[in-house]
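Structural overview for review
So the chains spell out like this:
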Amino acid sequence: MTQTSSHRQKIQRRPVHGVLLLDKPLGLSSNQALQKAKWLLRADKAGHTGTLDPLATGVLPLCFGAATKFSQLQLDADKTYEAVLLLGQKTSTADAEGDVIETRPVPAITTELLAEMTRRFTGPLAQVPPMYSALKKDGKALYEYARKGEEVEREARNVTIYKLNMTLVQDPRAQAAIKIVVSCSKGTYIRTLGEDIGEAIGCGAHLGSLRRLETGGYTDGQCVSLPSLEAMSEAEREACLLPVQSLVAAYPVVTLDADNAGRFLSGLRRRGSPGQWGPDAAMVQVFGSEPAAFLGSAHVTADELIPGRLLSPIEIQDMLAAHSPVSSSPAASAAMA
């Protein structure tokens, strides 16, 4: 063993289950932020729920353990952003990190003009993804082509801007600046929206800042920062975790007795009496009752409860033990029998 390796601290990984709402700091990639949080929690399995640019800050839900099974729901969720558009200059990346590639005079930004832009960019839009994005083309991320100075053809994508608020603000970096607050569908590129607004005004624009305020019901007011997380004890860090079922909290709840819970966890459909599982639903969250434990997701069709994403008996026992070391799960035990 070398001297370097002998002094290197070995981290003992462990099962951790839940959702950490991180306020992603400026300058870190989503994966870098994830790895830091994963190290602090000593978690053996983790993933994020869609990337935020290094330029961006704000809500980044990190999924640990069993929560990773439901992360796709956050990828598909509607989101809300706040951004500052710097008018008069276009950059190579459509944000403040790129090189200025064009400068144009800025017209008078009136209340009427902002109202017109708000109307024009609210509702269904077709967006061409930016070259500096993680979308893949022939197995390579678009930003890999962009860094080599190459531009490839991209198909426009349909997105929806549900709500758009625009306000003229002062910013020393530009002749004029607009703060926008955008509620939008998945897949919306705020950099592209900013560029398109700049073109519509006639002067060009790029993002000076970007913050995610909300995603899938999680808000920035619920988030913890990395410095705060670093200053905590391990127990305090664990206390920051939201339960796995918070990822499906918007869906109806179905509760099963021990026998049905065990069979459900084995992947078996459960036939109920009329209305027992509620009306037909594309997704429900399913719990066992003895004791109360989250089992996974399902959908209901014609009084059948059809399993979707399921927790393993070990994951359920881990989660019960984290809250009560002496607890055991009849549902989990039945599933393993």
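First, a word on what this report is: a plain description of the structure on this page. (Residues numbered from 1 in each chain as written. Predicted model: local features only at pLDDT ≥ 70, side-chain atom pairs only at ≥ 80, totals over all residues. Heavy atoms only, no water.)

Observations concerning helix 4 (residues 111-120)
The α-helix advances 3.6 residues per turn, and as a result positions three or four apart in sequence lie on the same side. Put simply, the rule is: To sort residues, take the accessible area from a 1.4 Å probe on protein chains only and compare it with the maximum for the residue type: under 20% means buried, over 50% means exposed, and anything in between is partly exposed. A run of H or I in DSSP becomes a helix once it reaches four residues, and a run of E becomes a strand once it reaches two; helices and strands are each numbered from the N terminus. Arc definition: directions from the helix axis to the C-beta atoms. Contacts: residue pairs with any heavy atoms within 4.5 Å of one another.
Restricting attention to buried positions, one finds in helix 4 the residues Leu113, Leu114, Met117 and Thr118. Taken around the axis of helix 4, the buried residues stretch over an arc of 140 degrees, which confines them to a single face. Turned more than 90 degrees off the buried face of helix 4, the exposed positions are Thr111, Glu112, Arg119 and Arg120. On its buried side, helix 4 packs onto strand 10 (157-169), strand 11 (176-184) and helix 6 (190-201).

What to know about helix 6
Which entries qualify depends on this criterion: Multiplying one less than the number of residues by 1.5 Å gives the expected span of a helix.
Compared with an ideal rise of 1.5 Å per residue, which puts twelve residues at 16 Å, helix 6 spans 16 Å between its outermost C-alpha atoms and is within 8% of the ideal. The inward-facing, buried residues of helix 6 abut strand 4 (79-87), helix 4, strand 7 (123-127), strand 10, strand 11 and strand 12 (205-215).

A few points about the environment of Asn31
Mapping Asn31 onto the fold places it in helix 2 (residues 30-41). Its relative accessible area of 40% is what places Asn31 among the partly exposed residues. Put simply, Asn31 and Gly47 are 16 residues apart on the chain and 8.3 Å apart in space, counted from C-alpha to C-alpha.

Some remarks on the pairing of strand 17 (residues 281-289)
This is how the line gets drawn: Pairing between strands is defined by DSSP: at least two bridges between the two strands are required.
Across the nine residues that make up strand 17, a large majority, seven, are buried. The sheet contact formed by strand 15 (residues 253-256) and strand 17 spans four bridges and is parallel. Counterpart to Val254 in the pairing with strand 17 is Val286. With seven bridges joining them, strand 17 and strand 18 (residues 292-301) adopt antiparallel strand pairing. What sits directly across from Ala281, in strand 18, is Val300.

Section: the pairing of strand 19 (residues 304-310)
Where burial is concerned, most of strand 19 is hidden: five out of the seven residues are buried. Bridge analysis of strand 16 (residues 270-271) against strand 19 gives two bridges, and the strand direction is antiparallel. When the bridges of strand 19 are listed, Arg270 appears paired with Leu305. Hairpin connection between strand 18 and strand 19: a loop of two residues separates the two successive antiparallel strands, and Ala302 in this loop has a positive phi of roughly 50 degrees.

Description of the sheet that holds strand 15
The cut-off we apply is this: Axis definition: a line fitted to C-alpha atoms, limited for helices to the stretch in contact. Angles are taken between N-to-C directions and run from 0 to 180 degrees.
Read across the open sheet, the five strands follow the order 15-17-18-19-16; overall the sheet is mixed. Because the sheet does not close on itself, it has two edges, and the strands there are strand 15 and strand 16. Docked against the sheet, helix 9 (residues 258-265) engages strand 15, strand 16, strand 17, strand 18 and strand 19, running at close to 70 degrees with respect to strand 18.

What to know about unusual backbone geometry
With omega at -5 degrees, the peptide bond leading from Glu290 into Pro291 counts as cis. Residue position: Pro291 is located in the loop between strand 17 and strand 18. Even without being a glycine, Ala94 presents a positive backbone phi close to 70 degrees. The residue Ala94 is located in the loop between strand 5 (89-91) and strand 6 (100-103) in this model.

Some points on the packing of helix 4 against helix 6
Threshold: To sort the angles, those under 35 degrees are grouped as roughly parallel, those over 145 as roughly antiparallel, those from 65 to 115 as roughly perpendicular, and the leftovers as oblique. Put simply, a crossing is left-handed when the front helix is turned counterclockwise from the back one by less than a right angle, and right-handed when it is turned clockwise. Under the convention adopted here, Pro, Cys and the residues Ala, Val, Leu, Ile, Met, Phe, Trp and Tyr are nonpolar, Asp, Glu, Lys and Arg are charged, and Gly plus all remaining residues are polar.
At a minimum axis distance of 11 Å, the contact between helix 4 and helix 6 shows a crossing angle of 130 degrees. Put simply, helix 4 runs oblique to helix 6. Where helix 4 crosses over helix 6, the two elements pack in a sense that is right-handed. Two secondary-structure elements touch here, helix 4 through Leu113, Met117 and Arg120 and helix 6 through Ile197, Ala200 and Ile201. The residue inventory of the contact of helix 4 with helix 6, partitioned by class, reads five nonpolar, no polar and one charged.

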